[in-house]
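Below are the chains, spelled out letter by letter.
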Amino acid sequence: MEDCEEAQSVMHSVQGVFDTLARRWTGDILSAGVEGAQRFREYRRAVDGISDRMLVQRLRELESLGLLSRTVVPTSPVQVLYAPTQHAIDLMQAVQPLVRWGKQHMAKAGAHVHAPAS
């Protein structure tokens, strides 16, 4: 019984990760951030098709999940930088085997797999 509960707990955690990554624009934002700290407009240029409002929302969500850090640089004008945290870097590394699997196996089924930058 304990093994079943533990397996369910693990799968629940995995589902949470997949749900987060499956949200529109999240993978693109995390991939754009692998280069290090960037300003809002740099993310805006890197994530084709996202509105300013949606980008703000996703950046805030990713910050609240501990995947991005937000730093205000006291310059004139003020700069706000968003950078991936170690949690985001670890997550992107953990996703790489799934991307490789998807490229190998999903392509056979005619599906397309987007690879996050490493």
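Thresholds, definitions, all that
Residues numbered from 1 in each chain as written. Predicted model: local features only at pLDDT ≥ 70, side-chain atom pairs only at ≥ 80, totals over all residues. Heavy atoms only, no water. Phe/Tyr/Trp six-rings, centres within 6.5 Å; stacked < 30°, edge-to-face > 60°. Helix = DSSP H or I, 4+ residues; strand = E, 2+ residues; numbered from the N terminus. Buried < 20%, exposed > 50% of the residue type's maximum accessible area, 1.4 Å probe, protein only. Patch = residues over 30% accessible without salt bridge, like charges linked within 9 Å, V, L, I, M, F, W, Y side chains within 5 Å. Areas by Shrake-Rupley, 256 points an atom, 1.4 Å probe, with all protein chains shown as cover. Salt bridge = Lys/Arg side-chain N within 4 Å of Asp/Glu carboxyl O. Pairing = 2+ DSSP bridges.

Per the stated rule, a full pass over the model turns up one aromatic pair. A ring pair is formed by Y43 and Y82, whose centres lie 6.4 Å apart and whose planes are at 85°; its orientation type is edge-to-face. Highlighted residues: Y43 in helix α3 (residues 40-46) and Y82 in strand β3 (residues 79-84), separated in sequence by 39 residues. There is no split in this pair, since Y43 and Y82 are both buried.

Right, let's get into unusual backbone geometry. Residue S76 is joined to P77 through a cis peptide bond whose omega torsion reads 0°. When you line up the elements, P77 lands in the loop between β2 (68-73) and β3.

A cluster of nonpolar side chains, namely V10, M11, V14, V17, F18 and L98, defines an oily patch on the protein surface of about 500 Å² accessible area. If one sorts the elements of the nonpolar patch by residue count, helix α1 (residues 2-22) sits on top with five residues. Assessed through its relative accessible area of 53%, M11 is described here as exposed.

A few words on the pairing of β2. In terms of strand pairing, β2 meets β3 through six bridges, oriented antiparallel. Its bridge partner being in β3, V73 is matched across the sheet by Q79. Hairpin connection from β2 to β3: five residues lie between these consecutive antiparallel strands.

Time to look at the sheet that holds strand β1 (residues 38-39). One open sheet holds the three strands; their spatial order is β1-β3-β2, and the pairing between them is antiparallel. At either end of the open sheet lies a strand with only one pairing partner, and these are β1 and β2. In this structure, β1 lies alongside β3, joined through two bridges in antiparallel fashion. Pairing of Q38 across the sheet is with Y82, part of β3.

What follows covers the pattern of salt bridges. Under the defined criterion, the tally for this structure stands at three salt bridges. Salt-bridge contacts for R23 lead to E61; the nearest nitrogen and oxygen are separated by 3.5 Å. Placement of the pair is R23 in the loop between α1 and α2 (26-32) and E61 in helix α4 (residues 52-64), with a sequence separation of 38 residues. Residue classification places R23 among the partly exposed residues on the basis of a relative accessible area of 37%. For E61, a relative accessible area of 22% gives the class partly exposed. When salt bridges with common partners are traced through the structure, they connect R23, R58 and E61 into a single cluster.

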